[in-house]
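Chain by chain, the residues:
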2 protein chains.
Amino acid sequence: MEPRSRAARMSATAASCVHCPLADDCLPAAIGLRRATQLLARIGRRRLLRRGDVLFRAGAPGHDLHVLRAGAVKGFVFDDGVEHLTALYLPGDWIGTSAIRSPHAKSAAALETGVVCTIPWGRLERQARREPPVQRWLHDRISRALTRTGAHLALLQGPRDPEVRLIAFLLDLSARYHALGYSATEFRLPLSRAEIGAYLGLAEETVCRNLTALARRGWLDVAGRLVRMRDTAALRTFAPLDTRSPGAAMDAREDVRRNRRA
Amino acid sequence: MEPRSRAARMSATAASCVHCPLADDCLPAAIGLRRATQLLARIGRRRLLRRGDVLFRAGAPGHDLHVLRAGAVKGFVFDDGVEHLTALYLPGDWIGTSAIRSPHAKSAAALETGVVCTIPWGRLERQARREPPVQRWLHDRISRALTRTGAHLALLQGPRDPEVRLIAFLLDLSARYHALGYSATEFRLPLSRAEIGAYLGLAEETVCRNLTALARRGWLDVAGRLVRMRDTAALRTFAPLDTRSPGAAMDAREDVRRNRRA
DNA sequence: CGTAGGATTGAATAACGTCAACTGGAGTGG
DNA sequence: CCACTCCAGTTGACGTTATTCAATCCTACG
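Residues numbered from 1 in each chain as written. Chains lettered and ligands numbered in written order. Predicted model: local features only at pLDDT ≥ 70, side-chain atom pairs only at ≥ 80, totals over all residues. Heavy atoms only, no water.

### Things to note about the protein's contact with DNA strand D
Of all residues adjacent to DNA strand D, which total 16 residues, the nearest are Thr206(A), Arg209(A), Arg193(B), Cys208(B) and Arg209(B). Sugar and phosphate atoms form 59% of the subset of DNA strand D atoms that lie within 4 Å of the protein. A distance of 3.1 Å separates a base nitrogen of DNA strand D from a polar atom in the side chain of Glu205(A). Of all elements in the fold, only α7 (204-216) of chain A together with α7 (204-216) of chain B reach the threshold of two or more residues within the surface near DNA strand D. With five residues, α7(B) is the largest single contributor of residues to the surface near DNA strand D. Looking at the surface near DNA strand D, its residues break down into four nonpolar, four polar and eight charged. (Near = heavy atom within 4 Å. Polar contact = N/O pair within 3.5 Å; in protein donor to acceptor, adjacent residues only side chain to side chain. Helix = DSSP H or I, 4+ residues; strand = E, 2+ residues; numbered from the N terminus. Nonpolar A, V, L, I, M, F, W, Y, C, P; charged D, E, K, R; others polar.)

### Things to note about the pattern of salt bridges
Residue and element names in this part refer to chain A. Counted by the stated rule, this structure contains 30 salt bridges over all chains. For Arg-144, the salt bridge is made with Asp-140, and the minimal N-O distance between the two is 3.6 Å. In this pair, Arg-144 and Asp-140 both sit in helix α4 (residues 132-157), four residues apart, roughly one turn of the helix. A relative accessible area of 40% places Arg-144 in the partly exposed class. We classify Asp-140 as partly exposed; its relative accessible area is 24%. A single salt-bridge network, built from bridges that share partners, covers Asp-25, Asp-140, Arg-141 and Arg-144. (Salt bridge = Lys/Arg side-chain N within 4 Å of Asp/Glu carboxyl O. Buried < 20%, exposed > 50% of the residue type's maximum accessible area, 1.4 Å probe, protein only.)

### Considerations on the protein's contact with DNA strand C
Inspection of the region around DNA strand C gives 15 residues, with Arg193(A), Cys208(A), Arg209(A), Thr206(B) and Arg209(B) positioned closest. Protein-proximal atoms of DNA strand C, defined as those within 4 Å of the protein, fall in sugar or phosphate at a share of 62%. At 2.7 Å from a phosphate oxygen of DNA strand C is found a side-chain nitrogen or oxygen belonging to Arg193(A). Interatomic distance of 3.0 Å between a side-chain N/O atom of Arg209(A) and a base nitrogen of DNA strand C. Broken down by secondary-structure element, the contributors of at least two residues to the surface near DNA strand C are α7 of chain A together with α7 of chain B. With four residues, α7(A) is the single largest residue contributor to the surface near DNA strand C.

### Let's talk about the sheet that holds strand β1 (residues 45-49) of chain A
Residue and element names in this part refer to chain A. Within the open sheet, the four strands sit side by side as β1-β8-β3-β6. Their pairing is antiparallel. The sheet terminates laterally at β1 and β6 (94-95), the two strands that pair on one side only. Here strand β3 (residues 64-70) pairs with strand β8 (residues 114-120) via six bridges, running antiparallel. Each residue of the ladder has a partner; that of His-66, found in β8, is Thr-118. Strand contacts of helix α2 (residues 33-43): β1 and β8, with the helix running at about 80 degrees to β8, the strand carrying the most contacts. (Pairing = 2+ DSSP bridges. Contact = heavy atoms within 4.5 Å. Axes fitted to C-alpha atoms, helices over the stretch in contact; angles between N-to-C directions.)

### Notes on the sheet that holds strand β11 (residues 226-229) of chain A
Residue and element names in this part refer to chain A. With antiparallel pairing, three strands are arranged side by side in an open sheet as β9-β11-β10. Because the sheet does not close on itself, it has two edges, and the strands there are β9 (186-188) and β10 (220-223). Along the sheet, successive strands turn relative to each other by an average axial angle of 15 degrees, direction set aside. Relative to β11, β9 runs antiparallel, the two sharing three bridges. Looking across to β11, one finds that Glu-186 is bridged to Arg-228.

### Looking at the confidence of the model for chain A
Low pLDDT marks regions whose predicted coordinates should not be analysed in detail. Residues and elements named next belong to chain A. Of the residues in chain A, 85% reach a pLDDT of 70 or more, and the chain-wide mean stands at 84. This model gives residues 1-12 a pLDDT under 50, and the stretch forms 20 contacts once residues within four places in sequence are excluded. Segment residues 242-262 is flagged for pLDDT under 50; beyond a separation of four residues in sequence, or across chains, it makes 34 contacts in the model. (pLDDT = per-residue confidence, 0-100.)

### Re helix α5 (residues 162-179) of chain A
Every α-helix winds through 3.6 residues per turn, so residues three or four apart in the chain are directed the same way. The end-to-end C-alpha separation of α5(A) is 26 Å, in line with the 26 Å expected for 18 residues at 1.5 Å each. Among the 18 residues of α5(A), 13 are classified as buried, and the element is accordingly described as predominantly covered. (Expected span 1.5 Å × (residues − 1).)

### Examining the environment of Thr97(B)
Topologically, Thr97(B) is positioned in the loop between β6 (94-95) and β7 (107-110). Considered as a pair, Thr97(B) and Leu138(B) are 41 residues apart in the sequence and their alpha carbons are 9.7 Å apart.

### Describing the pairing of strand β5 (residues 82-89) of chain B
On a regular strand, each side chain points to the face opposite its neighbour's, so the side chains alternate between the two faces of the sheet. All names here are of chain B. Where burial is concerned, most of β5 is hidden: seven out of the eight residues are buried. Looking at chain direction, strand β4 (residues 73-79) and β5 are connected through seven bridges and run antiparallel. Bridge pairing in β5 links Gly-75 to Ala-87. Here β4 folds back onto β5, and the loop between the two strands holds two residues, one of which, Asp-80, carries a positive phi near 60 degrees.

### So, the packing of α4(A) against α5(A)
Residues and elements named next belong to chain A. For the pair α4 and α5, interaxial distance at closest approach is 10 Å and the crossing angle is 160 degrees. In terms of their interaxial angle, α4 and α5 are classed as roughly antiparallel. For α4 against α5, the interelement crossing comes out right-handed. Where α4 approaches α5, its residues Arg-148, Leu-155 and Leu-156 are matched on the opposing element by Arg-165, Ala-168, Asp-172 and Arg-176. Across the contact of α4 with α5, the residue classes break down as three nonpolar, no polar and four charged. (Parallel < 35°, antiparallel > 145°, perpendicular 65-115°, else oblique. Left-handed = near helix turned anticlockwise from the far one by under 90°.)

Structure, rendered in structure tokens:
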């Protein structure tokens, strides 16, 4: 149930890909384990994160890319004193992509203990120029970041139905954990109720109420931060645009209201 | 008041930067006008857009980058039959950045007649490997796209106060038009009321009502799609996180509620 | 064992969305 | 040249519902 944070206790600075569980979806997949380790040892750093640690603050220059290896990180901004979560990062995710060549637009802080690999953008860009696979890797992940943000945005635009938003959030989490090799049905929420609210554009109490409402209906079990999805099929019925099949579903719907020649 | 679409009537295919009014913020700024024109003639295409023309559809493979030269384009998805605008592109903007190396997550259609320059991603990436300035240009613009999306997202997360959202939308438009050399106080809305609603996560009627409410208060004048900002200072007071000064304002607010060591 | 902060529940308010009718201008065709 | 049509925009009344304010519970940790 609980993601075993296998890479939690490790040496503090030298970055190596050898024992990294994410290797097959990261740099080693692009240029091979041997070269990745060499390269990372030269230009990369590893850092241990504890809850609350700040990776960077909004407004700061974006020196480097962070790849989350273990744990969870939130991206957030403050608007008039209230926090908004603009992103939730899980192992394998890239953090700070919006600041390749501009100051950070948001801050990032660790939600729990974890590990990040850090690579200066300059070095990465240089390497990307030399090696097409590195460039592909780079653009591939940036592409993903943009897509994920877009999905989040679309969710926020829908009708403010808290149930739908929560379900979408949970299904997304489930899918991501599953992709990481964890259970898709039982997991621990990396966010507090208030943070979930800040992520979905809802009040904390609304999150609470609808979470218990979903439980009462038998869709899932909730106990504090522990979630057990009981009827994934039912949940999927209420989910908005399916993030897992980006193309098909949307195309079919597109023709309903089409902006024809004026 | 009305953006003079200077580059509207042009030959249909060969792309050249020579007479492009956006040259100094585009490829020519990176590698010089001469080389930019050469390069674009080789790998680029130009296309005339008419209202409703679709640049690409969600799910389609993302072959190439589009740089909007004149006109306005909307990025949108369909969720259960209702349209959501995920982006609004104005001259100078890059369209399709989320699909460098993945299928398009959203569709894009012209809102009015305009012109786009189109460059295949593959060619652009190859060139980016050879020429650092091109790479910088590429990453710079992608960075901007991510930042802009992030700002949009944060806006949608705030309290669902239609007034605030509308003001933020209008100020953003104003700033962008200003940056393009048009009037910052008088412009034509590229979106219908319904589309503004789809962009801000509000109902069409709500947009209407609050637009006239703002006018009644003397903040601005509205006549159909024509907008005249009368009291920009007052409007700015109600705006959420200021997009124009990404750093300062947010940093000051950040310390209010900080996630300290647990 | 005690406390602090997160989570939960309750009640009342305010406001956005919905349904529906109406207006006005632009474009079309007689 | 005028009447007609169509659709974007507007306004009104209503119901629903998420937020807000507040109090309480509970869980984790010291």
